[in-house]
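Residue strings, one per chain:
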Amino acid sequence: MPAPEAAEAGSAVATTELFYAEALREALRLEMQRDPRVLVMGEDIAEHGGAFQVTAGLLAEFGANRIRQTPISEIGIVGAGVGAALTGLRPVVELMYIDFSGLAIDQIVNQAAQNRFMFGGQARVPLVVRTQGGSGRGNAAQHSKSLEAWFTHVAGLKVVMPATPADAKGLLAAAIRDDDPVMFIEHKLLYRTKGPVPTGEHVVPLGKADVKRAGRDLTIVTWSREVLFALEAAETLAGDGIEAEVIDLRTLVPLDRDAILASVRRTRRLLVVHEAIRRGGYGGEIAAMVAEEAFDDLDAPPRRLAGVETPIPYAAHLERGVVPQVEDIVRVARELVG
Amino acid sequence: MTIDRADALELYRVMRTIRRFEQRSTTLFGENKIWGTIHSYAGEEAIAAGVCAHLRDDDWITSTHRGHGHCIAKRADLGRMFAELLGRETGYCRGRGGSMHIADTSKGNLGANGIVGGGIPIATGAALTAQQLGTDQVAVSFFGDGAANQGTFHESLNLAAIWKLPVVYVCENNQYAESLPAARAFAVDDIATRAIGYGMPGIHVDGRDVRLVHEAAGEAIARARAGGGPTLIVAEAYRHEGHYYGDPQQYRTKGEIEAWRATFDPLINARAWLTTDGLATDAELDAIDTAVDEEMEQAIAWAETGPIASPITPEEIYASA
Amino acid sequence: MSVTPVILPKLGLTMDEGRLVAWLKKEGDHVDAGEVLFEVETDKATMEVESPVAGYVRRLLAAGGDDIPVTAVIALISTTADEPIADEPIGIATPDAAAAPTPEPERPQAAAAATVPSEASSDRVVASPAARKRAAELGVDLALVRAARGGRISIEDVEAAGVAGGAAAGAVGGAADAGAATAAPGGEPAAQRSAPARAPLSRMRRVIAERMTRSFRDVPQFSVSRDVDMTLAAATKAAAGVSYADVLIEAVARTLAEHPRLAMRYDPEGLVGADGIHVGIAVALEDGLLVPVLRDADSKDLAAISRERSALQDGARAGKLAADALTGAVFTISNLGQHGVDRFTAIVNPPEAAILAVGRVRDGVIARDGAAVIAPVVTLTLSVDHRVADGAHAAAFLADLVGRLEGRPA
């Protein structure tokens, strides 16, 4: 009956249908019950329950010391998180939008990511920075970016991006239990998506990708909201006799290279899809890695389908047009398979 | 203010150790044995010594790029400090950090910091830990006049004040933020008045006299330990050497430096009142000087025997696999 | 008594040397610890350097204006004014690599070596995309190409295979006189009986062996033959002052232009059309074959064809042809007529789909208007890749070719 420690959604465990936001809340609640050192800090997280309702109800259960609402002081919040993590707490700090991470970036990049190394192993920083990004709500350029590539480029950070409610719960639990600083990047349009979530303790290991759909004709590697689009596209492609394998990375750093390579060695075609703009996006890292490691298994050049290199525009049709949609994935997959 | 003889001699010894450490590391740098650069704390010893005298090993500090003094005042092992500067495996940070990131977490030193103002929120977070876990530990954040204009200063002081965190903010005003004189960086004459804006006590002390620093710090630390919340202490000091070793110091004149060094030297100041107040004789103080010098040479000799830093392994980057 | 060496200190992160500006003391002067002893100019400023100890300046080992490397000893101070001291400077333990190690840069963890091919599944030839493209252009079969290094066939490997006469026109049976098959390149006489002679294969022989084996094994090929009345061809030949070979090339080129099917090549994803009527002309060498290519033969007149054919043959025999003169053929003509062969069947030369084997032009008896007449006759045998064309295609091509040569519709 109780879920085994690393249960994946889909195995024979009891599940409930939860919203992604609720799944995150579940993880926070269980981890805070389990470990008194876990606390949450951020803006609007107390009575308001968080900008996306992730912490709704937690104030009543855990009190104002552990659901600690802060003024609008990003570098103060994250820096305090670093100090607390260095000295024995396991803080989960929230940056309301990833677009604001620049306000706190020194504490993430120069402090949290590096303290363990700089101090020769004397310290560890078990800090989780929860944030969200992505477009599709008309929030325009300063509230809609996908900036995960910034953080994948920092040695010492881990970067996690769940796509489903079950993974959101399991990965957040794992991130909190992890002794390293984790950038936990949610998506604003995923909070209200629903899915089966294992009840009780549910931990999904970091660094392990998930084959969300098996296929033989091409490998689509993707993460966050584009996973849902890729799965939809795969259904359409199946109608044409094209079976796409969809790999949800779940963790960007550490990268599950083995899963990607095993898949590409079978399908011989790689398509990376991400919402973030193409230039400098994490898709480049994956495409280069595959070209280096599986060159002789490829029947086509590794391809990336990514956001157009523009700030996110306001008007709805413009906003939709700058990130990969289902039909784009279908089109590019068809081109790739030929 | 009264201070007993044992405490007074210990304060002197700590200051003298810091001064000698800075002199010797300067010489080692001149001999091309230290990679990178170093930032001398000479002239500011009274602040580190006076504050840290009140701290236990389980109290925390965060430091600056000019961090040797704080490290020593927090009872670090001199040999391991030198070994770090010499890039040895036996250094505090296994040669990975160097002067600007030297840390000694067993003594609560959460590290020197290469980012101006970078340590201020970290000390605030350490204080949060104490409050959260219900202990009477205290955190002290050392920073300079330069950092007092960084966003981290403002955000951290406000957080500490609204949450009444057990943290003491110690601003070491050595009159210069790199090349910028403090007079041109502040529209107020007294940095300590900023405390009013954040709702905490602000105390201004002459950092030349270790007794004054010791007293002010003692009150602030006791208040924090008792749950009375944060304090801002601004200690005046003077940086004897350049911002970094080799700084041509075109922003101040030799005359100014000489004048300040003549009148602003915590060691000379301490020797004067120690002897005048009958707490020690010159001979006793000379003996302390000699003992410190010998200890320093032994530490250097030990450090120089250490193996060079070993190659980096992946386990160093991440604590969890 | 003790002697303290005074060094030129490193005064800045990037300082390697400094210029001594001036001594503030002379030899023999007393100096206090901390008293300024000399001034040095760095690239940033002139800095004062204090004496490390108190004592007497006994030796000044550098002069104002000297450029001095960092940590060099430039003065000696001793505790007394007059004790004897050594003439050579006493070096301080000048830090060498052991003491102040210039850190070896961490080798960046490079991705797995790019030259070693990944463990590709075993049924695939391991070749780079550039190599594959070139192999297709040259008509080189990758399965027969050996990778010079690293296990992955490179473009250089393919080009080497192509230049070495990767196109071997089938000379089954006729190879004997093409290169004295029994005589090995090394010249060992076949008569030796004491131990079985073993002659190493030249690159060309190796390629011919591999290519012909592959063609024979993998290309389902058939042949169709016709005897041709060469009366008209003989007249054309005489009038133009060219050879039978030229007349044949011209006729083949024009016929091929009308029968593009036979100029295509097989690919599992679809037949690939020719980019031009480029006719390969097999040239026998001493122990091998080359097939130089006469490009766009359908656009050249008889005289041009003749000149070019001649030049290509000469070049081939002299070994002076460039790689691109040996690549790109879409159809090959192999002629053993001058060696006396009446008729033969050539092996299709992949990736081409067809090859025409030409025997000798001989006096033959043919029927013309009901009577037996003697006329010059030649037997043409067309071998065709059945994956590209069927008997009917082959027959139609041959019929039109014969019709052209005989001057009438077939």
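This structure is a prediction, so every number in the text was calculated from the model and none was measured.

Draft legend 1. A look at the overall build of chain B. For chain B, the helix and strand inventory stands at twelve helices and seven strands. On C-alpha atoms alone, chain B measures out to a radius of gyration of 19 Å, which is about the 20 Å that the 2.2 N^0.38 rule sets for 321 residues. Principal-axis analysis of the C-alpha atoms places the extent of chain B at approximately 60 × 50 × 40 Å. Counting every position in chain B, which comprises 321 residues, the buried fraction comes to 60%. Taking as baseline every contact in chain B between residues at least 6 positions apart, the subset at least 24 positions apart corresponds to 73%. In the form shown here, chain B has an accessible surface area of approximately 11400 Å², with 53% of it arising from carbon and sulfur atoms.

Draft legend 2. Representation of the packing of aromatic side chains. The tally for this structure, following the rule as stated, stands at 14 aromatic pairs over all chains. Seen from their ring centres, Tyr97 of chain A and Phe100 of chain A are 5.3 Å apart, and the 45° between their planes marks the pair as tilted. Assessed through its relative accessible area of 10%, Tyr97 of chain A is described here as buried. Through a chain of ring-to-ring contacts, the aromatic side chains of Tyr20, Phe52, Tyr97, Phe100 and Tyr191 of chain A assemble into a single cluster. When the ring centre of Trp163 of chain B is taken as reference, the NZ or CZ atom of Arg68 of chain A above it lies at 4.7 Å. Note that Lys10 of chain C overlies the ring of Phe29 of chain B, its terminal NZ or CZ placed 5.6 Å from the centroid.

Draft legend 3. Structural detail: the confidence of the model for chain A. The share of residues in chain A with pLDDT of 70 or more is 97%, and the mean pLDDT across the chain is 96. Between residues 1–8 of chain A, whose pLDDT stays under 50, and residues either more than four places distant or in other chains, the model counts 16 contacts.

Draft legend 4. Examining the interface of chain B and chain A more closely. Listed per partner, the contact involves 38 residues of chain B and 41 residues of chain A. Summed over the shared surface of chain B and chain A, the number is zero salt bridges. Looking at the side of chain B that touches chain A, the elements with two or more residues in it are helix H5 (120–133) and helix H6 (151–163) of chain B. The dominant element in the side of chain B that touches chain A, judged by the number of residues it contributes, is H5 of chain B, at nine residues. A class-by-class count of the residues in the side of chain B that touches chain A yields 19 nonpolar, 13 polar and six charged.

Reading guide: rules and limits
Residues numbered from 1 in each chain as written. Chains lettered and ligands numbered in written order. Predicted model: local features only at pLDDT ≥ 70, side-chain atom pairs only at ≥ 80, totals over all residues. Heavy atoms only, no water. Helix = DSSP H or I, 4+ residues; strand = E, 2+ residues; numbered from the N terminus. Rg over C-alpha atoms; globule rule 2.2 N^0.38 Å. Buried < 20%, exposed > 50% of the residue type's maximum accessible area, 1.4 Å probe, protein only. Contact = heavy atoms within 4.5 Å. Areas by Shrake-Rupley, 256 points an atom, 1.4 Å probe, with all protein chains shown as cover. Phe/Tyr/Trp six-rings, centres within 6.5 Å; stacked < 30°, edge-to-face > 60°. Lys NZ or Arg CZ within 6 Å of the ring centre and 35° of its normal. pLDDT = per-residue confidence, 0-100. Salt bridge = Lys/Arg side-chain N within 4 Å of Asp/Glu carboxyl O. Nonpolar A, V, L, I, M, F, W, Y, C, P; charged D, E, K, R; others polar.

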